[in-house]
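Listed here are the chains, written in short residue letters.
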Amino acid sequence: MTETSATRGLIFNEPLLWEIGKKGRIGFSMPEHDVPDAPLDKEFIRKDSELPDLSEVNVIRHFTRLSQWNFGIDAGMYPLGSCTMKYNPKVNERVALLPGFAEAHPLLPTSLSQGILRLMFELERCLAAITSMDAVTLQPSAGAQGELCGMLIFRAYHRKKGKPRSKIIVPNTAHGTNPSSATLCGYKPVGISINEKGILTPDAVAALMDEDTAGIMVTNPNTLGFFEENIQKISEIVHSKGGLVYGDGANMNAVMGIVDMAACGMDILHLNLHKTFSTPHGGGGPGAGPVCTKKYLEPFLPVPRIIEEKGVFSLSNDFPDSIGKLHAFYGNVGIMIRALAYILCMGGENLKKASQLAVLNANYIKEKLKKVLHLPYDRTCMHECVFSDKNQNPTKITTLDMAKRLIDFGFHPPTIYFPLIVKGAMMIEPTETESKEEIDRFIAAMEQIVEEATNQPDLLRNAPMKCKVRRLDEAQAARKPCLAG
Ligand SMILES: *Cc1c(COP(=O)(O)O)cnc(C)c1O
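Along each chain, numbering runs from 1 in the same order as the chain's sequence is written. This being a predicted model, a pLDDT of at least 70 is required before a residue's local features are given, and a value of 80 or more before pairs of side-chain atoms are given or counted; all residues contribute to the totals for chains, interfaces and linings. The side-chain quantities take in all heavy atoms of the structure and omit both hydrogens and water.

Trainee: For the overall build of the protein chain, give the residues involved together with the corresponding values.
Mentor: A run of DSSP states H or I qualifies as a helix once it reaches four residues; a run of E qualifies as a strand once it reaches two. Both are numbered from the N-terminal end. Counting its secondary structure elements, the protein chain contains 15 helices and 12 strands. What you see for the protein chain is a C-alpha radius of gyration of 25 Å, in line with the 23 Å of a compact globule of 485 residues. Taken along the three principal axes of its C-alpha coordinates, the protein chain extends 75 × 70 × 40 Å. Categorising residues by exposure relies on relative accessible area from a 1.4 Å probe, with only protein chains included: less than 20% of the type maximum marks a residue as buried, more than 50% marks it as exposed, and the intermediate range marks it as partly exposed. Here the protein chain holds 485 residues, and 48% of them are scored as buried. In what follows, residue pairs with any heavy atoms lying within 4.5 Å of each other are defined as contacts. For the protein chain, the proportion of contacts with a sequence separation of at least 24, taken over those separated by at least 6, is 71%. For the accessible areas, the method is Shrake-Rupley and the probe is 1.4 Å, while residue cover comes only from the protein chains on display. Roughly 23,800 Å² of accessible area belongs to the protein chain as shown, and the carbon and sulfur atoms make up 57% of that amount. Each charge class in the protein chain can be summarised by its mean position, and for the 53 positive and 54 negative side chains these summaries are 4 Å apart. The size measure is the radius of gyration over C-alpha atoms, and the globule rule it meets is 2.2 Å times the number of residues to the 0.38 power. Lys and Arg are tallied as positive, Asp and Glu as negative. Neither His nor the chain termini are counted. Charge coordinates come from a single atom per side chain, which is NZ of Lys, CZ of Arg, CG of Asp or CD of Glu.

So this is what it looks like as structure tokens:
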């Protein structure tokens, strides 16, 4: 490697604001007032902490410097598998900030909210067109809440048919939120294994599916990056026993406008707008997890629903079978604005092309890196590929060591140790927005790391070396976060 874009630049040390503060320093001055002084009511003054006195430049530099310790998609490649950390065009941010949208209040009467209601209605129609489903709610605020919505609909549907049923089939490649959402709705998740090609088989589903099973949750493409080729047959088996098929659409970036989800047999499908349809994420939200259904499940969708009559949009709660409300007002509207702006800027053909390029990029990485890393399922992938640390076993270098070392080269690590069925998994999703040059830099960095794993394993055990912080105790970091630096 001759070049690295790693964290070598000017990174300042940064004390706490309390250490920078100096009594009497102020952020801005007000003109002398010409009215009598009135003391602040004592009860409004916090006694538990003394705030530091700071100038404006203190505050700006403090937060700007802290932001430079962070890594985001605007800083470099972020190949975090299953998260679709792609570059989000800034124009979508600008559109979401238009005052007419940004300052609209959700309590305004619908007669004064026609624009935003129309926007949401059109987004629902676009998402239905992209997935080939019939009805859409934008209310859930993330994929996980979309799953909850889906599971509540499973329950409401089966209850209406006479019996809510008690189990749900969940593949062992599923994201942890799938079994959690099912459990929250009172279902017992039943695990199901994949075959040697990394996908589900109709026989395995047939062996588990019975009339006490509410249905199946399927992520397609799955988290190993493979398309569930048997999905139609699997859906038929589930439907033949009166069950429903839930689609986890977190990996939609591989198949936007290409796969007809209705023809696959999906009854309900969630999308993650913050993954596939342009919203910066990684800092924990906000997001949006719209849920799409077939026509016959539409009555169960959350209320209020946006309806259109003769060009006038309104909100209706008149859906007696609805599972109720999931989110304050109508969901995270800013995310919806970005998504519609993205979809309209791209257009149908370019959305398909984005998916095709995402798949091409992942396969390019897979073909290059399989020469040096162990590839447990060696076949054409979709938008992500999963390696393992098996080749590094002799020197006891692990996926974690290699992921940490990548940080020194200026890349965010990939998803590691997921999916659980691959021991030491390293799940790489480059997305369509990385150029060939950037992907080649990533491949070169990985090749060098693999070589270091053999020849300089201690170097890897100490990585990262060029960062503000080195190896953190990740469990402690989550349980007892030290936010003071
Ligand atoms: C991200 C993800 C989820 C959960 O979505 P959130 O928006 O993070 O709640 C579910 N399933 C898969 C496969 C995912 O990648």
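Trainee: Before we move on, could you go through the domain arrangement of the protein chain and cite the residues and values that matter?
Mentor: As far as domains go, the protein chain holds domain 1 (92–344) and domain 2 (355–479). Domain delimitation in this document rests on an assignment produced automatically or drawn from a domain database. Put simply, the middle of domain 1 and the middle of domain 2, counted by C-alpha atoms, are 31 Å apart. Between domain 1 and domain 2, the residue contacts involve 26 residues of the former and 18 residues of the latter. Buried surface area refers to the total accessible area, computed with a probe of radius 1.4 Å, that the two partners give up upon joining, counted for both partners together. Summed over both partners, the interface of domain 1 with domain 2 comes to about 1,700 Å²; 61% of that surface belongs to carbon and sulfur atoms. Broken down residue by residue, the surface that domain 1 buries against domain 2 is led by Leu 224, Phe 226 and Asn 253, which jointly contribute 33%. Definition used for salt bridges: Asp or Glu carboxyl oxygen within 4 Å of a side-chain nitrogen of Lys or Arg. Between Glu 229 and Arg 379 there is a salt bridge; the shortest N-O distance is 2.7 Å. We call two N or O atoms a polar contact when they sit within 3.5 Å, provided that within protein one can donate a hydrogen and the other can accept it, with sequence-adjacent residues counted only if both atoms are side-chain atoms. Across the domain 1-domain 2 interface, the total number found is eight residue pairs in polar contact (both at pLDDT 80 or more).

Trainee: Tell me about the sheet that holds strand β12 (residues 426–428), residues and numbers included.
Mentor: Strand order across the open sheet formed by three strands is β10-β12-β11, with antiparallel pairing between neighbours. The sheet is open, and its two borders are formed by β10 (385–387) and β11 (415–416), each paired with just one other strand. Where β10 and β12 come together, three bridges link them in antiparallel fashion. Of the residues in β12, the one forming a bridge with Phe 387 is Met 426. For two strands to count as paired, DSSP must find a minimum of two bridges between them.

Trainee: Go over unusual backbone geometry, please, and point to the residues and values.
Mentor: For the peptide bond that leads from Asn 220 to Pro 221, omega is -5°, which places it in the cis range. When you line up the elements, Pro 221 lands in the loop between β4 (213–219) and α9 (231–240). Note that the residue after Val 303, namely Pro 304, is joined by a cis bond; omega there is 0°. Inspection of the secondary structure puts Pro 304 in the loop between β7 (291–293) and β8 (305–309).

Trainee: Explain the packing of helix α11 (residues 333–369) against helix α13 (residues 436–455) to me, using residue names and the numbers behind them.
Mentor: If you want to describe how two helices pack, look at the angle between their axes and the distance between the axes. Lines fitted to C-alpha atoms define the axes, with helix axes restricted to the stretch in contact, and inter-axis angles between N-to-C directions lie between 0 and 180 degrees. Contact geometry for α11 and α13: axes closest at 11 Å, N-to-C directions at 30°. With respect to α13, the element α11 is oriented roughly parallel. Taken as a pair, α11 and α13 cross one another with a handedness that is right-handed. In contact with Asn 361, Tyr 364, Ile 365, Lys 368 and Leu 369 of α11, α13 contributes Lys 436, Ile 439, Asp 440, Phe 442, Ile 443, Met 446 and Glu 447. Residues are sorted three ways: Asp, Glu, Lys and Arg are charged, Ala, Val, Leu, Ile, Met, Phe, Trp, Tyr, Cys and Pro are nonpolar, and all the rest, Gly among them, are polar. Classifying every residue of the contact of α11 with α13 by side-chain character gives seven nonpolar, one polar and four charged. Oblique is the label for every angle not falling under 35 degrees (roughly parallel), over 145 degrees (roughly antiparallel), or within 65 to 115 degrees (roughly perpendicular). Crossings are assigned a handedness: left-handed for a near helix turned anticlockwise from the far helix by less than a right angle, right-handed for a clockwise turn.

Trainee: Explain the packing of aromatic side chains to me, and be specific about the residues and the numbers.
Mentor: How two aromatic rings sit relative to each other is set out by the distance from centre to centre and by the angle between their planes. For Phe, Tyr and Trp, where Trp contributes only its six-membered ring, two rings pair if their centres lie within 6.5 Å, and the inter-plane angle classes them as stacked under 30 degrees, edge-to-face over 60, or tilted in between. In the structure shown here, the tally under the stated rule is eight aromatic pairs. Where Phe 226 meets Tyr 377, the ring centres are 6.0 Å apart and the plane angle is 75°; that geometry is what we call edge-to-face. In this pair, Phe 226 sits in the loop between β4 and α9 while Tyr 377 sits in the loop between α11 and β10, placing the two residues 151 residues apart along the sequence. On the basis of relative accessible area, Phe 226 is assigned to the buried category, the value being 3%. On the basis of relative accessible area, Tyr 377 is assigned to the buried category, the value being 18%. Here the aromatic rings of Phe 411 and Phe 442 are separated by 5.4 Å at their centres, their planes lie at 85°, and the arrangement is edge-to-face. Pair noted here: Phe 411 is in the loop between α12 (399–408) and β11 and Phe 442 is in helix α13, with a separation of 31 residues, a long-range link.

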